Amino acid sequence: RPREFWWPGIGDDGGAWAPIAGALARTGVPVRVRRAADGESRGGIAVLHPPAAWPRTSLNDGSLVLAVRVAGVSVLLTGDVERQGEGWLLHAEAGSLAATVVKVPHHGSRTSSTPAWVDAVRPQIAVVSVGRGNPYGLPASEVLARYAARGACVLRTDQCGTIVVEGDHGWLRVRSSDGSPTCRCRAP
């Protein structure tokens, strides 16, 4: 039951959008188009991407990217942004990318998480939202290795189930619905 639905205003007319649009219309949830140029920050949430003039080259690269900073903890929510979007962010928002936690872009696809991106974000925890046995073979092993090589604890929803990260004044608590030892991070 969201209070608002945020999106970048870059969608398609495909089958995936119709049920969402229908649910929004039925429930009366306010729909807000958010872009980086809005300069709006709400409750510690800043919209970093896409910019107002973002070309409609790819739905993935038009993904909404949000930086959430609350009580000393920073989280970067990246949607499906790919290399082109990451490149724009590295150029325009480089100082805003460092994050304690990152939702790994595009389910850990090879088309995202470039070395320069991972270096700029420097996460302690990298969460990969990916379905078990997905037909795309995600996440890519080289992407997982890239985050791990930079010291991030990598957690995957296909292995851990729902992942919850809570933080306050710089401390983090990570738990998963799986609860197994492989789905835990060491304290930062």
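Our subject in this report is the structure included herewith. (Residues numbered from 1 in each chain as written. Predicted model: local features only at pLDDT ≥ 70, side-chain atom pairs only at ≥ 80, totals over all residues. Heavy atoms only, no water.)

### Overview of the environment of arginine 184
Worth spelling out the cut-off: For the purposes of this entry, the term helix denotes a DSSP run of H or I that reaches at least four residues, the term strand denotes a run of E that reaches at least two, and both are numbered from the N terminus. Burial here depends on accessible area, computed with a 1.4 Å probe over protein chains only, as a share of the maximum for the residue type. Under 20% is buried, over 50% is exposed, and the range in between is partly exposed. The contact criterion used is simple: two residues touch if any of their non-hydrogen atoms lie within 4.5 Å.
Turning to its location among the elements, arginine 184 is positioned in the segment after strand E11 (171-176). Overall, arginine 184 belongs to the exposed group, its relative accessible area being 51%. Spatially, the C-alpha atom of arginine 184 lies 7.8 Å from that of leucine 155, the residues being 29 residues apart in sequence. Non-local contacts of arginine 184, meaning those with residues more than four positions away in its chain, are made with Cys153, Leu155 and Gly179.

### Focus on the packing of aromatic side chains
Let me state the cut-off plainly: Ring geometry is summarised as follows: Phe, Tyr and Trp rings, the Trp one being its six-membered ring, pair when their centres sit within 6.5 Å, and such pairs are stacked at plane angles under 30 degrees, edge-to-face over 60 and tilted between the two.
One pass over the structure, following the stated rule, counts three aromatic pairs. The interplanar angle of 50° and the centroid separation of 6.1 Å between the aromatic rings of phenylalanine 5 and tryptophan 17 together place this pair among those described as tilted. One end of the pair, phenylalanine 5, is in strand E1 (residues 5-7); the other, tryptophan 17, is in helix H1 (residues 17-27), with 12 residues separating them in the sequence. Between tryptophan 7 and tryptophan 17 the ring centres are 4.7 Å apart and the planes differ by 20°, which places this aromatic pair in the stacked class. Placement of tryptophan 7 in strand E1 and of tryptophan 17 in helix H1 is noted, with a sequence separation of 10 residues between them. Overall, tryptophan 7 belongs to the buried group, its relative accessible area being 19%. A relative accessible area of 23% means that tryptophan 17 is categorised as partly exposed. An aromatic cluster of three or more residues is present, and its members are Phe5, Trp7 and Trp17.

Keep in mind that these numbers describe shape and distance, not what the molecule does.
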